[in-house]
Amino acid sequence: MTRRDLLKAAALPAAVAPLYSQRTKGLPRLTIREVKAVPTSGGNHYQWVFLKVLTSEPGLYGIGSASNINQAFTVTTAIQKHYAPFLVGKDPDRIEDVWQNANTRNYWRNSTVQNNVLSALDMALWDIKGKRAGMPVYDLLGGKARDAVPMYAHADGRDMQEVENNVRRYMEEGYRHVRAQMGGYGGGGMIPAGERSRPAGGYAGPAFDEDDYVDAIPRLFEHLRSKLGREVKLLHDVHEHLTPAMAVELAKRLEPYRMFFVEDILPPEQIAYFRQIRQVTSTPMAMGELFTHPHEWVPLISERLIDFIRCRVSQIGGITAARKIAALCETFGVRTAWQEGGDNDPVNQLAAYHVDLAISCFGIQEENHFPPVAHEMLPGTCELKGGYLYGNDAPGLGIDIDEALAVKYPLEPIPPGDSWTTVRGVDGSLVKP
Ligand code: MG
């Protein structure tokens with residue numbers, strides 16, 4: 001299949017296009033009247049930014065997620081100062097054209113902030129199209145391919161027994177898929193502060209050691225399999241911490257425990273090493289949390305080097321980009337597992353949900369849940385029950401935003417110093433996420 005065929009295959013499903021024309025026949029031509037940014041802490045120290053597209057039809061608008069935990073203020077300014085003036089007057093029905101135009105007008109493509117704005121714009125335009133047609137977005141994408149969206153939960157613990165207890169707790173709730181970590185980010189490989197040989201006067205904090213990690217994690221999964229049996233599907237996130245040879249070694253050592261997938265075993269700079277991993281082990285690989293450019297995911301998918309693609313929908317260009325990736329994945333036997341960090345928001349989750357419902361190459365969706373204030377601020381936020389995610393059947397994305405409530409909780413300043421992504425070795429050198 002050529003690239004052109006793939007893109008054609010990803011276009012609005014043939015059976016749906018006439019229905020949309022029929023539903024909107026006789027309606028006046030729409031234009032974008034206003035584009036605004038709605039930044040908020042979500043009442044819970046989030047760094048959320050929503051984009052709202054208002055149209056020439058009174059009361060018809062769409063919303064999208066432009067959240068970026070590390071650059072929320074930049075994203076807000078980008079929407080207000082750079083994109084809003086460009087978008088006013090455009091036809092919101094022409095999603096593909098507006099998307100391509102917004103991407104290439106910057107000349108340089110696929111920066112993280114640009115992708116956040118594009119993603120939010122794209123979600124908002126699908127929201128508008130759905131509301132106008134009286135159809136949920138998943139119906140515009142071809143209709144339900146499943147009844148609800150299965151999620152995987154996050155189980156953690158300071159030792160193997162605690163991890164086991166937490167996996168059991170999720171299994172009892174109904175989850176069939178559980179990600180197991182030992183002690184958080186880098187856990188299993190962290191040397192306590194001050195221990196082992198350190199440079200005089202140098203870094204003395206907790207330090208990552210990949211040999212320790214590659215010994216500890218297979219022992220964790222040996223324990224979990226012996227205690228929990230074969231039924232539960234187990235996942236693990238390496239958070240990109242390993243050098244290539246150690247990534248190959250870990251993938252081999254985990255093979256006996258029949259993982260559902262191992263996530264981000266390599267940093268994005270070293271994705272060529274997936275060829276070596278593929279040659280030596282059948283452990284399924286998931287990759288893509290940090291991807292923002294097609295040149296990152298296309299080779300891994302088209303050369304069948306990974307089993308799951310797990311980009312964040314609001315970092316790749318929204319629903320339009322996700323369904324193009326899904327079309328590619330379907331062709332090459334790769335499944336989706338859209339990423340949901342704890343920093344993510346309900347609008348991005350719903351955008352992923354609509355794609356999840358409508359594609360045949362769906363694999364799994366990462367779990368994320370929100371405090372009551374978020375449900376109040378964003379009515380229509382998905383519900384999580386028994387390991388499944390449920391949206392609603394309202395037209396569009398099926399979510400709204402209470403702007404007055406959002407404004408009551410403004411973005412908070414970024415705390416000074418390092419973020420959770422900063423990990424160092426005993427000699428003080430950085431370990432890349
Ligand atoms: Mg991850």
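Predicted, not measured: the structure shown is a model, and the values here were computed from it. (Residues numbered from 1 in each chain as written. Predicted model: local features only at pLDDT ≥ 70, side-chain atom pairs only at ≥ 80, totals over all residues. Heavy atoms only, no water.)

Teacher, can you tell me more about the domain arrangement of the chain here?
Reports often express the size of an interface as the amount of accessible area lost when the parts come together. The domain architecture assigned to the chain consists of domain 1 (9-136) and domain 2 (149-397). Of the residues lining the interface, 36 residues belong to domain 1; the matching set on domain 2 comes to 35 residues. Taken together, domain 1 and domain 2 are joined by one salt bridge. Of the charged contacts in the structure, one is a salt bridge between Lys324 and Glu96, with a shortest N-O distance of 2.8 Å. Our enumeration of links across domain 1 and domain 2 arrives at 20 residue pairs in polar contact (both at pLDDT 80 or more). Taken together, the elements giving at least two residues each to the side of domain 1 that touches domain 2 come down to strand 2 (48-55), strand 3 (61-65), helix 4 (95-104) and helix 5 (112-133). Top element by residues in the side of domain 1 that touches domain 2 is helix 5. It accounts for eleven residues. A breakdown of the residues in the side of domain 1 that touches domain 2 according to their chemical character gives 16 nonpolar, 16 polar and four charged. (Domains from an automatic or database assignment. Contact = heavy atoms within 4.5 Å. Salt bridge = Lys/Arg side-chain N within 4 Å of Asp/Glu carboxyl O. Polar contact = N/O pair within 3.5 Å; in protein donor to acceptor, adjacent residues only side chain to side chain. Helix = DSSP H or I, 4+ residues; strand = E, 2+ residues; numbered from the N terminus. Nonpolar A, V, L, I, M, F, W, Y, C, P; charged D, E, K, R; others polar.)

Where do I start with the sheet that holds strand 1 (residues 32-40) in this structure?
As a general point, the strands of a sheet are linked pairwise by backbone hydrogen bonds and lie either parallel or antiparallel. What the three strands build is an open sheet, ordered 1-2-3; its pairing is antiparallel. Since the sheet does not close on itself, it has two edges, and those belong to strand 1 and strand 3, each with one partner. Here the strands of the sheet are splayed against their neighbours by 20° on average, with no regard to which way each runs. The sheet contact formed by strand 1 and strand 2 spans eight bridges and is antiparallel. Bridging from a neighbouring strand, Ala37 pairs with Leu51 of strand 2. (Pairing = 2+ DSSP bridges. Axes fitted to C-alpha atoms, helices over the stretch in contact; angles between N-to-C directions.)

Sorry if this is basic, but what is going on with the pattern of salt bridges here?
Between side chains of opposite charge, pairing is possible as soon as their charged atoms come close. Taken as a whole, this structure holds 20 salt bridges when the rule is applied. Between Arg275 and Glu303 there is a salt bridge; the shortest N-O distance is 2.8 Å. With a gap of 28 residues between them, Arg275 in helix 10 (residues 274-280) and Glu303 in the loop between helix 11 (294-302) and strand 11 (308-309) connect regions that are remote in the sequence. Taking the relative accessible area as the measure of exposure, Arg275 reaches 35% and is therefore partly exposed. For Glu303, a relative accessible area of 37% corresponds to the partly exposed category. Several salt bridges converge on common partners, so that one network encompasses Glu57, Asp93, Lys129 and Arg132. (Buried < 20%, exposed > 50% of the residue type's maximum accessible area, 1.4 Å probe, protein only.)

In this structure, what is going on with the side chain of Asn344? I would like to understand it.
Along the polypeptide, Asn344 turns up in the loop between strand 12 (335-336) and helix 14 (346-358). Take Asn344: its relative accessible area is 0%, and that puts it in the buried class. If sequence neighbours within four positions are ignored, Asn344 has contacts with Tyr46, Trp48, Arg312, Ser314, Gln339, Asn368 and Phe370.

Even after reading the chapter, I still don't get the confidence of the model for the chain, so can you show me in this structure?
A low pLDDT score tells you not to read the predicted coordinates there in detail. Here the chain averages 94 in pLDDT, and 95% of its residues register 70 or above. Contacts of residues 1-12 to residues separated by more than four positions or lying in other chains number 14 contacts, the stretch itself having pLDDT below 50. (pLDDT = per-residue confidence, 0-100.)

I'm lost on unusual backbone geometry in this one. Help?
For residues other than glycine, phi is negative in most cases, and the peptide bonds are mostly trans. Residues other than glycine seldom take positive phi values, yet Arg196 does so here, at roughly 65°. With respect to the element layout, Arg196 can be found in the loop between strand 6 (190-191) and strand 7 (207-208). Look at Asp264: it is not a glycine, yet its phi comes out positive at around 45°. Turning to its location among the elements, Asp264 is positioned in the loop between strand 9 (261-263) and helix 10.

Would you mind going over the packing of helix 7 (residues 160-173) against helix 8 (residues 210-228) with me for this structure?
Helix-helix packing: each pair is described by the crossing angle between the helix axes and the interaxial distance. Contact geometry of helix 7 with helix 8 gives a least axis separation of 10 Å together with a crossing angle of 50°. Between helix 7 and helix 8, the crossing angle belongs to the class labelled oblique. Helix 7 and helix 8 meet at a crossing whose hand is right-handed. Judged by residue contacts, Met160, Gln161, Val163, Glu164, Val167, Arg168 and Met171 of helix 7 engage Arg219, Leu220, His223, Leu224, Lys227 and Leu228 from helix 8. Looking at the contact of helix 7 with helix 8, its residues break down into seven nonpolar, two polar and four charged. (Parallel < 35°, antiparallel > 145°, perpendicular 65-115°, else oblique. Left-handed = near helix turned anticlockwise from the far one by under 90°.)

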